[in-house]
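Topology and contacts: notes
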Amino acid sequence: MVKESLVKILSLLLIATLPFISTPASAQSVVKSMLRLPDTGQNTSYTPTFGEDNDYTINPPLFKVHGDGTITDSITGLMWQQTDGGEMTVENAAMYCDSLTLGGYTDWRLPTPHEAFSILNHQNNNPALDIKVFTKTTAEYWWTSAKQVNDATKIWVTNAGGGIGNHQKTETVSAGGTKKIHTRAVRDVKAPATVPNHFTDNGDGTITDNLTNRQWQKITPDTPMTWEEALMYAEGLTLAGASDWRLPNIKELQSLSDENQLSPSVQTSYFTTIGSEKSLYLW
């Protein structure tokens, strides 16, 4: 385990309000299926140092339960299956979603990793869901539609503890494994938009994520910091004429992950220091 004093500070710090979006350094179109990025739901304080997740409210989770087995996430605009479909192989999961009729809709599908992670509630654990909204099942993990870029035997899954990772598809019970990997279907209420470029290099030490409307610090600070030191660093930072920087919550940090990239799973053409020896771990 990495000692706290040696873990590197997160090199990407957020500004919530973006006054501009400049001309992109390079274009890479991307589908925008979520309207906004939800908060984590975490409301417990773990330090007297200001700047932790509990200190910020941006897009608090908000769900509408329809009473027909479906739920709409008012923050992302996605509609979800309220009770997951149970444990099954990933191949059966894809077929299950494709053939599902629920709430009068037939256009259900497996979620992307970012969509699946968006409904997790990090105030809760096992499951990290709002069980007043989503039905609690025996699921330990949930399938997504994404395979590991260099290994089709590994699938990205979210887990009931609140995390996300790539697992062998044979780990689920139905494939001879010991883990209960379930399926929860999602559908688009409105057709997703296509954003011409995912990121914009603003040329001032910051990067804009055009999917989430977050602005990030581009370059990793060289100095290792504890979590509390990192919180104070972010709160005291002035960069690109802005002083309202902070550490990201876990959903914001995960939003940078690009499953088409490997070691690190981010676009290093924009975030050039992530994955280097000084930036192996991110607060």
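This structure is a prediction, so every number in the text was calculated from the model and none was measured.

Right, let's talk about the overall build of the protein for a bit. When its secondary structure is counted, the protein shows four helices and 15 strands. Residue burial in the protein is summarised as follows: out of 283 residues, 47% are buried. A separation of at least 24 residues holds for 67% of the contacts in the protein among residues at least 6 apart in sequence. Of the roughly 13,200 Å² that the protein leaves accessible, carbon and sulfur atoms contribute 53%.

With the rule as written, the count across this model stands at four aromatic pairs. Note on Phe63 and Phe134: the rings are 5.3 Å apart at their centroids and 80° apart in plane angle, and the pair reads as edge-to-face. Of this pair, Phe63 sits in strand β3 (residues 63-65) while Phe134 sits in the loop between α2 (113-118) and β6 (141-148), and the two are 71 residues apart along the sequence. Exposure class is identical for Phe63 and Phe134. Each is buried. When the centroid spacing of 5.5 Å and the interplanar angle of 45° are considered together, the rings of Phe199 and Tyr270 count as tilted. One end of the pair, Phe199, is in strand β12 (residues 199-201); the other, Tyr270, is in the segment after α4 (250-254), and 71 residues separate them in sequence. Comparing Phe199 with Tyr270 shows no difference in burial state: the two are buried. Across the ring face of Tyr105, the terminal group of Arg187 is positioned such that the distance to the ring centre comes to 3.7 Å. Above the ring of Tyr56, the side-chain terminus of Arg246 is found at 5.2 Å from the ring centroid.

Here we take up the sheet that holds strand β5 (residues 78-81). The four strands lie next to each other as β3-β4-β5-β10, forming an open sheet whose pairing is antiparallel. Only two strands of the sheet have a single partner each, and these edge strands are β3 and β10 (186-188). If you compare each strand with its neighbour and ignore which way they point, the axes differ by 25° on average. Both strand β4 (residues 70-73) and β5 contribute to a ladder of three bridges, which runs antiparallel. Within β5, the residue paired with Thr70 across the bridge is Gln81.

This paragraph deals with the pattern of salt bridges. The final tally for this structure, using the stated rule, is eight salt bridges. Residues Asp201 and Lys218 are paired through a salt bridge, measuring 2.7 Å at the closest nitrogen-oxygen approach. Taken together, the residues span a long stretch of sequence, with Asp201 in strand β12 and Lys218 in the loop between β14 (214-217) and α3 (227-236) at a distance of 17 residues. Overall, Lys218 belongs to the buried group, its relative accessible area being 16%. A salt bridge links Arg246 to Glu252; the nearest nitrogen and oxygen atoms lie 2.8 Å apart. Each member of the pair, Arg246 together with Glu252, is buried.

For helix α1 (residues 90-99), every residue scored as buried is listed here: Val90, Ala93 and Cys97. One face of α1 carries all of its buried residues, which in axial projection span an arc of 45°. For α1, exposure combined with an orientation more than 90 degrees from the buried face picks out Met95, Asp98 and Ser99. Along its buried surface, α1 packs onto β6 and β7 (151-159).

Here is what the cut-offs are and how they apply
- Residues numbered from 1 in each chain as written.
- Predicted model: local features only at pLDDT ≥ 70, side-chain atom pairs only at ≥ 80, totals over all residues.
- Heavy atoms only, no water.
- Helix = DSSP H or I, 4+ residues; strand = E, 2+ residues; numbered from the N terminus.
- Buried < 20%, exposed > 50% of the residue type's maximum accessible area, 1.4 Å probe, protein only.
- Contact = heavy atoms within 4.5 Å.
- Areas by Shrake-Rupley, 256 points an atom, 1.4 Å probe, with all protein chains shown as cover.
- Phe/Tyr/Trp six-rings, centres within 6.5 Å; stacked < 30°, edge-to-face > 60°.
- Lys NZ or Arg CZ within 6 Å of the ring centre and 35° of its normal.
- Pairing = 2+ DSSP bridges.
- Axes fitted to C-alpha atoms, helices over the stretch in contact; angles between N-to-C directions.
- Salt bridge = Lys/Arg side-chain N within 4 Å of Asp/Glu carboxyl O.
- Arc of directions from axis to C-beta.

By themselves, these observations are geometric and do not establish any function.
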